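# Survey of secondary and tertiary structure
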Amino acid sequence: MSLFKAREWWTASTGSDEEFSPSAFCVADLDNQGGNKVATGSLSGLLRIYQPRQRDYRAEDLLLEQRLDAPVIQLATGLLLPGGTRLALAVLHPRKLVVYEVHAGKQLGAYHSLAKVQEHALDRNTFNMAIGRFGSASQARAVDSIAVQSIDGTVSVFEGDALAFSRLLANSLIPGPWVHSPRADCFFTANSALEVCCYKLSSLTLAQASSESGSGAGAQRKVNADWSTVVGEHVVDIKLGRFTSNPPTSESELIVLGAQTLFVLKEAGAIRYQRRLDMQPSCLCVYSAGEGADTSTGGSDNVLIASATGALLVLREGVSLWSARCDQPPIALSVGTFADVKGMLVSLTERGVTSVLYLGTDPPTTAVGGSHEKDLDYDEMDDEHRRLLGRIREATGGNRAEPTDYLTLRAQVPKTVDPVAERGLGDDDRSSAGPSVTVRVSVAYSGKGPLESVQLLAQCEPPFFCLRESVELSAVQGGSGTPLSVPLVFRCAKDMLPASCKALVVATYTTADGAPRTARAEFDLPLAMVCKVIAPVKNGTYKVTLDTDQPPAQIGELFGDLLALAPGAEAGKAGASVLSLQLASGHDVTVLLSKNAGRYRIQSGSFEPMWQVAHELQQRLRKALPGVNVSFNEPLPLQEYFELIDVHFAARQELAETQAALEQRAQQFRVVQKRLLVRFKDKNPAPLANLDLLLGGTYEQLMELGSKGEAAKKALALATTSLACGTQLINQLIALRFELDEDNAAELRSHLSPQVHDFSEQGWEERTDAALALALRTSLGKAAAKDAAGASLALPPLAMPIDVSKLKKHITVVCDRLSKGGRFK
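So, here is what we can say about the structure in this document. (Residues numbered from 1 in each chain as written. Predicted model: local features only at pLDDT ≥ 70, side-chain atom pairs only at ≥ 80, totals over all residues. Heavy atoms only, no water.)

### A few points about the overall build of the protein
Heads up, the condition is: Helix and strand assignments come from DSSP, with helices taken as H or I runs of at least 4 residues and strands as E runs of at least 2, each series counted from the N terminus. Type-normalised accessible area, obtained with a 1.4 Å probe on protein chains alone, sets the label of each residue: buried when under 20%, exposed when over 50%, and partly exposed for intermediate values. Working definition of accessibility: Shrake-Rupley area with a 1.4 Å probe, residue cover restricted to the visible protein chains.
Scanning the protein from N- to C-terminus turns up 13 helices and 43 strands. Looking at the protein residue by residue over its 825 residues, the buried ones come to 45%. Total accessible area on the protein stands at roughly 41,600 Å², and carbon and sulfur atoms take up 50% of it.

Following this line, the structure appears as structure tokens:
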């Protein structure tokens, strides 16, 4: 533990749950206006640029906040613009590289803007990049080039707006740091063999020329390293600097931060220095000692190392100069000048907290205990080590016996709903929504003695809900006694279609040995919760017919529980061959029985409500007629299903457009606010120039867009429920139409999932399309296609498509492959 703390001078946080990459961080004069700026990019695609001007964060310190269309992997600056006199910002995304020029606001308080200068589409997922002047051509043009390293070890060099060449490095199972040396004109990296490697630019160029002159235009030859040095551990980062005393004037040294060791290598690969670290390092920073440094060191640089626990260590020539501790562990560090103060530390945490620090001397408030107060007992340490090894062998052994003390959950689900007199239990406002069902969960413990603090959690899909989602049991008695019965009341909200009737109860507890365990029970809620018997409805727009190979069962036998709850008049109208049900959402579904053959027709005014009755009818037929074969022999209703997909996708587009417009108006509102504040603070304020009217109009537009966004969310929720129900029905019909077994039906549901969840980054359409495309290339593909897909299963990054025509085509092709005998397993 360090005695001193790194003091915060300026701190900015994102206020969200974004995650950041260590390389998506840079400090430079990004807008070419003088003074350092700090740029950060998140994996959610948000780019922020700050300019700390004074102690503590202010609103005007945020120069730019813009959402890009892809996650940000790395940020770097270089002389990438024509002429080579101005800095540009290079942003590395998973599948593309974009170069921006940052323009400062024309008025005081105005936001900065980005101007796209170059954009390169990449064929492989990227990992990192390096910027510098590569080779004589780049030196002559006085413009920097960019070398991008992909996850598979492919290096692509871009000169200006063109791709110079692309080569595949050897032993690149796991890519490592990527650094360019301008003096030697070579690249340094680390590979999966725990080696530090050097690739000269001339070697990469010659290898490319040799590959192009060889046989086959698509020949992929791996380039071997010019030299490699084994370090024996994972490399966290590599920097160039001058570490030792009096090195050759023109020579730089390689400072390599390993998982447990700090290495210093010559440019030729020989290890010059190494030091074992007593902490887990997270990042590395090399900076010049600056003015006032000891001249006897020959101009050596300072090395700043941060640990995963927040410790900072400053080294020069292997000597510890300072040690401090940060409040939050950094994942990236840099050193710069802010407010005319040199040597300020800039740090970034994994949650995006950006801080400007300085090394203070105030000790922490917690007491520091000396390690010399107690002698180490090595015999006791050996005994503890043996005991721990024994426990590890017992826990990981293949013939490990199952525990005898475990908790068992059994759910007793009634077939009908609770009587009216017993409803209204609980204090939930939704308790009057509809019929209730009391499920009694039996909790039994097989161990000896009582089991304390057992937590029961109930989960179910909307519109179902449990009045008591969490129940805490103080003690459960063990042995063979009577199990403890816990009643759980479930209800169904109105005006919603159920996409699933399954409910889950999970018990979490801790054994006497302190081991955490869980037990679960899954069950289906009764159909009577979501529908009731009504007078027969003859007309139906959408119809589905299920065939059986046995004499038909009467409607009264199959749905006797529902007929028993119906009023006398309605029950009398429902004969032996027809039954109409009204769902809680208001939709009606009718079941018709053929008198001569075992055929059951399900019809409704909408497509999606039929899934619940069709699923329940299939389950009840298999219980009432053992060995019955239920099939579907009509053409699949794909067009009706595609209409649900179109409605859902249109709702997503409407919400995305509304959110984009709301984001633009919010930025405009903030810009106008900042300009008004600047004028109000001015001693000689200028005329408002209708800024107050613009502020009021923008506020009204924000309110309108907010209301429109709420309506779009509600429309998306309804479309999501309809699509989930329609997917349930189409999966059931596909399984019956092509006689899929349980395993293949489960695989179909995993690819064409009825769980429709839409997030800001990914939606149901792109995830389903990617899953079906992968199935068509592997299990459902042809023999030649399977062999080709085995070499590379890389899919393009998931993004919201322009339309859903490709998804519809993949669904149609999957059905065609299944009809020809193709199976997932």
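### Regarding a nonpolar patch on the surface
Note the following rule: For patch detection, residues must exceed 30% relative accessible area and be free of salt bridges, and they are connected within 9 Å for like charges or within 5 Å for nonpolar side chains (Val, Leu, Ile, Met, Phe, Trp, Tyr). A carboxyl oxygen of Asp or Glu within 4 Å of a side-chain nitrogen of Lys or Arg is what we treat as a salt bridge.
Together, L376, Y378 and M381 make up a nonpolar patch on the protein surface, roughly 360 Å² of accessible area in all. The residue L376 is located in the loop between β29 (354–359) and α3 (378–396) in this model. Assessed through its relative accessible area of 59%, L376 is described here as exposed.

### Thoughts on the state of the cysteines
Applied cut-off: Criterion for a disulfide: a pair of cysteine sulfur atoms within 2.5 Å.
If you walk through the whole model with that rule in mind, you get 0 disulfides. Distance from the sulfur of C186, which forms no disulfide, to the nearest cysteine sulfur (C198) is 3.7 Å. Judged by relative accessible area, C186 falls into the buried class, the value being 2%. For C285, which is in no disulfide, the shortest distance to another cysteine sulfur is to C283 and amounts to 8.2 Å.

### Focus on the nonpolar core
The line we're drawing: Residues enter a nonpolar core if they are buried and are Ala, Val, Leu, Ile, Met, Phe, Trp, Tyr or Cys, with the set joined through side-chain atoms within 4.5 Å. Here, two residues are considered to be in contact whenever any of their heavy atoms come within 4.5 Å of each other.
Grouped together as the largest cluster of nonpolar side chains are 100 residues, with contacts concentrated most on L407, F490, Y641 and I811. Here I811 is in contact with L638, Y641, F642, I645, L752 and L772, once residues within four sequence places are set aside. Judged by nonpolar contacts, the second largest core, of 18 residues, contains C26, L30, L68 and V91.

### Notes on the environment of V98
Along the chain, V98 turns up in strand β8 (residues 96–103). Taking the C-alpha atoms as reference points, V98 and E119, separated by 21 residues in sequence, lie 4.4 Å from one another. Look past the residues within four positions of V98 in its chain and what remains in contact with it is L89, A90, V91, H93, K116, Q118 and E119.

### Considering the pattern of salt bridges
In total, this model carries 31 salt bridges according to the counting rule given. Between R86 and E101 there is a salt bridge whose closest N-O contact spans 2.5 Å. Placement of the pair is R86 in the loop between β6 (74–78) and β7 (88–92) and E101 in strand β8, with a sequence separation of 15 residues. Between D561 and R620 there is a salt bridge whose closest N-O contact spans 2.9 Å.

### Digging into the sheet that holds strand β35 (residues 484–492)
Rules: By definition, two strands form a pair when at least two bridges between them are found by DSSP. Each axis is a line fitted through C-alpha atoms, and for a helix only the stretch in contact is used; angles between axes span 0 to 180 degrees, taken between their N-to-C directions.
Read from one edge of the open sheet, 4 strands run β30-β31-β35-β33, paired in antiparallel fashion. For this open sheet the edge positions go to β30 (407–412) and β33 (464–466), each flanked by a neighbour on one side alone. Strand-to-strand, the axes of this sheet are offset by a mean angle of 30°, without reference to chain direction. In this sheet, strand β31 (residues 436–445) lies alongside β30 in antiparallel orientation, the contact comprising 6 bridges. Residue pairing for β31: R410 is matched across the bridge by S442.

### Let's talk about helix α7 (residues 610–624)
Stated precisely, the cut-off is as follows: Multiplying 1.5 Å by the residue count of a helix minus one yields the expected span of that helix.
A rise of 1.5 Å per residue sets the reference length of α7, with its 15 residues, at 21 Å; its end C-alpha atoms lie 21 Å apart and thus fit the reference within 8%. Here α7 has its buried residues at M610, W611, Q612, V613, A614, E616, L617, Q618, R620 and L621.

### Here's the deal with the pairing of strand β4 (residues 46–50)
For β4, the tally of buried residues reaches 5 of 5 residues, placing the bulk of the element in the interior. Residues L46, R48 and Y50 of β4 are buried on one face, and the alternating residues L47 and I49, pointing to the opposite face, are buried as well. For strand β3 (residues 37–42) and β4, the ladder comprises 4 bridges, and the chain directions are antiparallel. Its bridge partner being in β4, T40 is matched across the sheet by R48. Linking β3 back to β4 in an antiparallel pair, the connection comprises 3 residues, with G45 at a positive phi of about 95°.

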